[in-house]
Amino acid sequence: MKLSIYGSTGFIGSKFIKLYPSHINIKRENRNPLSNEILYFISSIDNSSIFTDTSIDVESNLSVLCEVLNYCKKKDIIFNFISSWYVYGKLDSLPAKEISLCKPKGFYSITKKCAEDMLITFSETFGIKYRIIRLCNVLGKGDKNISNNKNALLWMINKLKEDEQIELHDNGEHMREIIHIHDACKAIELICRKGALNEIYNVGLGKPISIGDFINLAKERIQSRSNIISINSPKFRSESVNKSFWMDINKIQSLGFNADFSHLDIINDLCN
């Protein structure tokens, strides 16, 4: 397996290429794959661009994808596409399964789901193969784009290190599924190597942790003097995704996936 990797300068893509350097790094301006297997990380980064630039998600998540797909017509291509748990939107029941009906809301979520659907339709039309990989919240050091909208848990840990006040939505009672960047890359590589074709795979630990527990454990680990207060969730965020969310990961576990980092391991790594 030799993967042509698009988006290798981003947080997850750069970590993947360091862990698995034998694959091919496609330069930012290039669109033509240099092997028959693609791993595609290119994406916008969060669901808040609707407030700043409404074109970002369309350009990043759809336009560039179309440019790459133009080079894949009627070729013997396997297209491994990195997607997000955000495509599920608000579900009536949890855990989210790959067959769950997605109800995305927000430009990031909608365009990521649209990109999935475009890839599936393109694959059926031109006879290529695909895998769609839906990641939960991926945490680790080295993310240059953290904020209260993207990788917010690491953003709050950095505030804990500076003894700054932490604001938790609804007292931190919401549950989230997280995975360490090392394990996310490990899972992606496993799916690209062993996963069934024309399938969707959830990637996570398969169990959630409350945001409040995560931050309080981090505060204890750091011995931070930060004050932690509760605020109401913003209306847009509460309407676009479930307040608590986790995924069914039976499909990737059936491939033999086991995470190396527990919740506590992730906290300890981020707090060091």
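Along each chain, residues carry numbers from 1 onward, in the same order as the chain's sequence is written. Whole-chain, interface and lining totals are the exception, using all residues; otherwise, since this is a predicted model, local features are given only for residues with pLDDT of at least 70 and side-chain atom pairs are given and counted only at 80 or more. Water and hydrogen atoms were dropped before computing side-chain values, which therefore reflect all heavy atoms in the structure.

Visitor: Go over the pattern of salt bridges, please, and point to the residues and values.
Guide: Pairing between side chains becomes possible if they bear opposite charge and their charged atoms approach one another. Here a salt bridge means any side-chain nitrogen of Lys or Arg lying within 4 Å of a carboxyl oxygen belonging to Asp or Glu. Within the structure shown, the criterion is met by 10 salt bridges. Where aspartate 260 meets lysine 186, a salt bridge forms, and the shortest distance between an N and an O atom there is 3.2 Å. Of this pair, aspartate 260 sits in the loop between α8 (250-253) and α9 (263-271) while lysine 186 sits in helix α5 (residues 181-194), placing them 74 residues apart in sequence. The closest approach of N and O atoms between glutamate 189 and arginine 193, which form a salt bridge, is 3.0 Å. Placement of both glutamate 189 and arginine 193 in helix α5 is noted, with a separation of 4 residues, approximately one turn of the helix. Here arginine 193 falls in the partly exposed class, since its relative accessible area comes to 47%. Put simply, DSSP H or I for four residues or longer makes a helix, DSSP E for two residues or longer makes a strand, and each gets a number counted from the N terminus. Remark: exposure states derive from per-residue accessible area (1.4 Å probe, protein chains only) relative to the maximum for the residue type, with buried under 20%, exposed over 50%, and partly exposed in between.

Visitor: Could you give an account of helix α1 (residues 11-19), with specific residues and numbers?
Guide: Three or more residues of α1 are buried, namely Phe11, Ile12, Gly13, Phe16 and Ile17. Residues count as neighbours in contact if any of their non-hydrogen atoms are within 4.5 Å of one another. In this structure, the buried residues of α1 make contact with β1 (3-6), β3 (37-40), β5 (129-135), β6 (137-139) and α5.

Visitor: I'd like a description of the nonpolar core, backed by residues and values.
Guide: Most often, soluble globular proteins have nonpolar side chains that are buried together. Ranked by size, the top nonpolar core spans 58 residues in total, and within it Ile12, Leu39, Ile188, Phe214 and Ile215 carry the most contacts. Here this core gets 8 residues from one element, more than from any other, and that element is α5. Apart from residues no more than four positions distant in its own chain, phenylalanine 214 is found in contact with Leu139, Leu153, Ile157, Ile178, Ile209, Ile266, Ile267 and Leu270. Tyr40, Cys72, Ile128 and Ile132 belong to the second-largest nonpolar core, a separate cluster that totals 21 residues. For this analysis, a nonpolar core means a set of buried residues of the types Ala, Val, Leu, Ile, Met, Phe, Trp, Tyr and Cys, connected via side-chain atoms within 4.5 Å.

Visitor: Any details on the packing of helix α2 (residues 56-69) against helix α3 (residues 107-126)? Residues and values, ideally.
Guide: Relative orientation of the contacting elements α2 and α3 amounts to 15°, with a least axis distance of 8 Å. Comparing their axes, α3 and α2 come out roughly parallel. Along this stretch, α2 crosses α3, giving a crossing that reads as right-handed. Contacts between α2 and α3 involve Asp57, Val58, Asn61, Leu62, Leu65, Cys66 and Leu69 on the former and, on the latter, Phe107, Tyr108, Thr111, Lys112, Cys114, Ala115, Met118, Leu119 and Phe122. Along the lines of polarity and charge, the residues of the contact of α2 with α3 split into 12 nonpolar, 2 polar and 2 charged. Between N-to-C directions, angles cover 0 to 180 degrees, with each direction set by a line fitted to C-alpha atoms, over the stretch in contact for helices. Oblique is the label for any angle not under 35 degrees, not over 145, and not in the 65 to 115 range, which are roughly parallel, roughly antiparallel and roughly perpendicular in turn. Helix crossings fall into two classes, left-handed where the near helix is turned counterclockwise from the far one by less than a right angle and right-handed where it is turned clockwise. Note on residue categories: nonpolar means Ala, Val, Leu, Ile, Met, Phe, Trp, Tyr, Cys or Pro, charged means Asp, Glu, Lys or Arg, and polar means any other residue, Gly included.

Visitor: Break down helix α6 (residues 211-222) for me, with residues and values.
Guide: Its 12 residues give α6 an end-to-end C-alpha distance of 16 Å, which sits within 8% of 16 Å, the value for a rise of 1.5 Å per residue. Among all positions of α6, only Ile211, Gly212, Phe214, Ile215 and Ala218 are buried. Across the axial projection of α6, the buried residues extend over an arc of 165°, all falling on one side. Directly beyond the C-terminal end of α6, a positive phi value near 60° is found at glutamine 223. For a helix, the expected span equals 1.5 Å multiplied by the number of residues minus one. When we speak of the arc, we mean the arc of directions from the helix axis to the C-beta atoms.

Visitor: Which residues make up unusual backbone geometry, and what values go with them?
Guide: Of note, the amide linkage connecting leucine 94 to proline 95 takes the cis form, showing an omega dihedral of 5°. If you trace the backbone, proline 95 turns up in the loop between β4 (78-84) and α3. Even without glycine at this site, aspartate 170 takes up a positive phi of about 50°. Secondary-structure assignment places aspartate 170 in the loop between β7 (166-169) and β8 (175-176). Given a relative accessible area of 16%, aspartate 170 falls into the buried group. Positive phi is not limited to glycine here, since asparagine 171 has a value of about 65°. Inspection of the secondary structure puts asparagine 171 in the loop between β7 and β8.

Visitor: I'd like to hear about the pairing of β5, residue by residue, with values.
Guide: Across the 7 residues that make up β5, a large majority, 6, are buried. Place the viewer so that the strands point away; then a crossover is right-handed whenever the path from the first strand over the helix to the second strand goes clockwise. Taking the sense of rotation as the criterion, the β-α-β connection linking β4, α3 and β5 turns out right-handed. Bridge count for β5 against strand β10 (residues 199-203) is 5 bridges, and the pairing is parallel. The partner of isoleucine 132 across the bridge, within β10, is isoleucine 200. Strands were regarded as paired on the criterion that DSSP finds at least two bridges between them.

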